[in-house]
Amino acid sequence: MSAQHSVANRTRDVATVATVGVVLALLVFPFVWVVVTSLRPAEELLQSELRLFPGGVNLDGYSELLTSGFVRYLLNSLAVCATAAAVSVALALAAYSFSRRSFRGRSVLLLLVVFSQVFPFIVLVPSVYAAFVRLELVNTYAGLVIAYIAITVPFSVYLLLGYLDSVPTELDDAAKVDGCSTPRDPTRRRHHGDLCFRRRVGGVPVRRRAHDRPGEVDGTRGTGRVPRRVQLPVGPRHGGLGADDPADARHLPGAAAGPGVRARRGLGQVTLQVTLSVPPAVPPNVVLIL
Amino acid sequence: MLLLPALAVLAVFFVAPAVSNVVLAFQDVTLFQLGVGGAWVGLANFVSVLTDDLTALALRNTVLLLTAGTVLPRLALGLGLALLLNARVIRRWRLAGLSRALLIIPWATPPVVAVAAWKWLLHPRFGVANQIAVELGVLDQGIPWLLQTSTVWLGIIATVTWQGLPFVAISMLAGLQAIPREVYEAAQVDGASGWQTLRHVTLPLLAPVTVVIALLTTIWTYNNFVYVWLLTGGGPGDYTQVLATQLYTEAFVNYDFGKGAAIGVLMTAIMVLFSVVYFRFVVSARVRPS
């Protein structure tokens, strides 16, 4: 009986793996075909009969690439994308303010960032082009870099916000109690009388900035898990001590289960904050335009 | 404040172009007037767009064929693929890493390369898709996939689906893995069949992730310009024009920036309308606190 059962299981396993293999082969085929084609002898490229395997290996295509302007193009791409990426990541630190501070216009600005994800960037092309003509940025590296930054900043802020929100504020509080400073916040000055700013543990300031390492603190980095349903009520949020508002869902166990999908409701509108966590091998190759 | 630089970039290169785009939509602007600004023409651009037969065609193409036509297959195939890859045998035979790495390849391919690869695959004479079909006796001779109206959308849909499928599959896989094993055990104890488990346990628990993926892929596809532009350029004739390519054609081929901007305004309005409706009715209904 159990032998029969395991035979049935075995058959099903093999069928599953075979199906996966066929589907993946189909998916990978166009890419493999590009590689195969790039290596084919020239006379095989334009032939009408099917020939799956190339008759020989031909690297002429590659050597021709290297002697033409390709290296220059490659460097262009690298320079533009490296600059844009560096600036964009630096600017994305704005997410810290969205995550840890409450300030006037927060929800409006957040809505703007969310809206930018919905916005068709192609729409901006005519007016950006018009502006670039006026600023003489057409056909320059600077123009290209600026355009990329403008497109990627909202997305970067948005992505980082998801991670920062998953770090419990208790860790910030603990760090503050230990004497860590936080980025200057004009709105907090009034509260300078708060004891928490002066407290030290055992009189020794401890340098530990847990909020700088999202993921490590709750051990969810790279697990590729999306928490199923996490809902955070939006309200005035406080950094520092005094954030012990029980309505703040981040204080609930499990709510800090990592970046994922969460919906926020409040102030009459529902905004959806999406951070799709994928296994770390996945490049967030999110091509929004061009 | 950490916020300011990002907001400045957003304001200058995102909000300003968006606003100036709306302004452009009410002007008659040609290439030479880009630097100085055109004459005010009131609603003439909108009248011109709305009375254009091409707009109706482009709208229908964008919504039904480009967006619905590729999002639905992606969701269905992505779910199937995720379920297959989530099978226990994949992990037991240590194929999880390999299968995911292969799955990612289409997603990691730059869109321009993907389009070039597919154009080559679908080439009337030298394309391997035709050659295989002829070899197998499915076709008598190769068909010009992207050059005739009866098959051109199949070609576009295949390309977009191919490139977008990995994202859907991986996200759904992550969603599946977040479902606790206990739920399945409970279903098993209750005597649920495989189909019942899928229908009443897996799918409902996967719904929040699905809702978000559907939204994201819809937005990305609707806003996308490259696939259609590079595959067909809107042709044959204007048969595959979508809103994004129509916008580009008006602005940069006919040099009527005002009309292009007007299309942009309409395109944005439709997307915003869709997002609001989607949030109100789908997201708020689905992603509820449990």
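Not measured: the values here are computed from a predicted model.

Caption draft 1: Representation of the overall build of chain A within the structure. Within chain A, the regular secondary structure consists of 9 helices and 3 strands. The proportion of buried residues among the 290 residues of chain A is 40%. Counting only carbon and sulfur atoms, one obtains 65% of the accessible surface of chain A, whose full area is about 15600 Å².

Caption draft 2: Quick look at the overall build of chain B. A tally of helices and strands in chain B yields 13 helices and 2 strands. Out of the 290 residues in chain B, the part that is buried amounts to 50%. Partitioning the intrachain contacts of chain B with sequence separation of at least 6 by distance along the chain shows that 67% fall at a separation of at least 24. If you sum the accessible surface of chain B, you get close to 12900 Å²; carbon and sulfur atoms cover 68% of it. Counting 15 positive and 11 negative side-chain charges, chain B places the averaged centre of each group 16 Å from the other.

Caption draft 3: Region of interest: the pattern of salt bridges. All names here are of chain B. Counted by the stated rule, this structure contains 3 salt bridges over all chains. Measuring nitrogen to oxygen at the nearest pair gives 3.0 Å for the salt bridge that ties Asp52 to Lys259. With Asp52 in the loop between helix H2 (44-51) and helix H3 (53-85) and Lys259 in helix H13 (residues 257-286), this residue pair connects regions lying 207 residues apart in the sequence. One salt bridge in this structure joins Lys259 and Glu250, with 3.4 Å as the shortest N-O distance. The same class applies to Lys259 and to Glu250, which are both buried. In the salt-bridge network here, residues are joined through shared partners; they are Asp52, Glu250 and Lys259.

Caption draft 4: Expanded view of the packing of H3 of chain B against helix H8 (residues 152-177) of chain B. Residue and element names in this part refer to chain B. Where H3 contacts H8, the two axes come as close as 6 Å, and the packing angle between them is 40°. By the angle between their axes, H3 is oblique relative to H8. Between H3 and H8 lies a crossing of right-handed hand. Of the residues in the contact of H3 with H8, the class split is 20 nonpolar, 6 polar and 1 charged.

Caption draft 5: Fine view of the nonpolar core. Grouped together as the largest cluster of nonpolar side chains are 113 residues, with contacts concentrated most on Phe98 and Val157 of chain A together with Leu103, Ile156 and Met267 of chain B. Apart from the residues within four sequence positions on either side, Met267 of chain B is in contact with Pro120, Ile122 and Val123 of chain A together with Tyr222, Asn223, Leu243, Ala244 and Leu247 of chain B.

Caption draft 6: Here's a closer look at the packing of helix H9 (residues 181-189) of chain B against helix H10 (residues 194-223) of chain B. Residues and elements named next belong to chain B. Contact geometry of H9 with H10 gives a least axis separation of 11 Å together with a crossing angle of 160°. The orientation of H9 with respect to H10, classified from their angle, is roughly antiparallel. Of the two elements, H9 crosses H10, and the hand of that crossing is right-handed. From H9, Val183, Tyr184 and Ala187 reach across to H10, where they touch Thr197, Val201, Thr202 and Leu205. Partitioning the contact of H9 with H10 into residue classes produces 5 nonpolar, 2 polar and no charged.

Caption draft 7: Region of interest: the confidence of the model for chain B. When the pLDDT values of chain B are averaged, the result is 85; 94% of them are 70 or greater. Here the predicted complex scores 0.71 on pTM and 0.81 on ipTM.

Caption draft 8: Representation of the environment of Gly164 of chain B. Residue and element names in this part refer to chain B. Within the fold, Gly164 resides in helix H8. The buried category is assigned to Gly164, whose relative accessible area is 6%. With 72 residues separating them in the primary sequence, Gly164 and Arg92 have C-alpha atoms 28 Å apart.

Caption draft 9: Quick look at the packing of aromatic side chains. Per the counting criterion, the structure on display carries 14 aromatic pairs over all chains. A network of ring pairs unites the aromatic residues Tyr129 of chain A together with Phe225, Trp229, Tyr248, Phe252 and Phe257 of chain B as a single cluster.

Caption draft 10: Structural detail: unusual backbone geometry. All names here are of chain A. Despite not being glycine, Glu136 has its phi angle at roughly 55°, a positive value. Position of Glu136 relative to the elements: it lies in the loop between helix H7 (124-135) and helix H8 (141-165). Owing to a relative accessible area of 68%, Glu136 belongs among the exposed residues under this scheme. You will see that Asn139, though not glycine, has its phi angle at about 65°, which is positive. Since its relative accessible area comes to 78%, Asn139 is described here as exposed.

Caption draft 11: Molecular detail of the environment of Ser88 of chain A. If you trace the backbone, Ser88 of chain A turns up in helix H4 (residues 70-91). The contact partners of Ser88 of chain A, leaving out residues within four places of it in the chain, are Thr152, Val153 and Ser156 of chain A.

Caption draft 12: Looking closely at a nonpolar patch on the surface. Residue and element names in this part refer to chain A. Residues Val57, Leu59, Tyr62, Leu65, Leu66, Val71, Leu74, Leu75 and Leu78 make up a contiguous nonpolar surface patch of about 850 Å² in total accessible area. Mapped onto the nonpolar patch, the elements with two or more residues apiece are helix H3 (60-67) and H4. Here the element with the most residues in the nonpolar patch is H4; it accounts for 4 residues. Secondary-structure assignment places Leu78 in helix H4. Judged by its relative accessible area of 48%, Leu78 is partly exposed.

The rules behind the values
Residues numbered from 1 in each chain as written. Chains lettered and ligands numbered in written order. Predicted model: local features only at pLDDT ≥ 70, side-chain atom pairs only at ≥ 80, totals over all residues. Heavy atoms only, no water. Helix = DSSP H or I, 4+ residues; strand = E, 2+ residues; numbered from the N terminus. Buried < 20%, exposed > 50% of the residue type's maximum accessible area, 1.4 Å probe, protein only. Areas by Shrake-Rupley, 256 points an atom, 1.4 Å probe, with all protein chains shown as cover. Contact = heavy atoms within 4.5 Å. Lys, Arg positive; Asp, Glu negative; His and termini not counted. Charge placed at Lys NZ, Arg CZ, Asp CG, Glu CD. Salt bridge = Lys/Arg side-chain N within 4 Å of Asp/Glu carboxyl O. Axes fitted to C-alpha atoms, helices over the stretch in contact; angles between N-to-C directions. Parallel < 35°, antiparallel > 145°, perpendicular 65-115°, else oblique. Left-handed = near helix turned anticlockwise from the far one by under 90°. Nonpolar A, V, L, I, M, F, W, Y, C, P; charged D, E, K, R; others polar. Core = buried A, V, L, I, M, F, W, Y, C linked by side-chain atoms within 4.5 Å. pLDDT = per-residue confidence, 0-100. Phe/Tyr/Trp six-rings, centres within 6.5 Å; stacked < 30°, edge-to-face > 60°. Patch = residues over 30% accessible without salt bridge, like charges linked within 9 Å, V, L, I, M, F, W, Y side chains within 5 Å.

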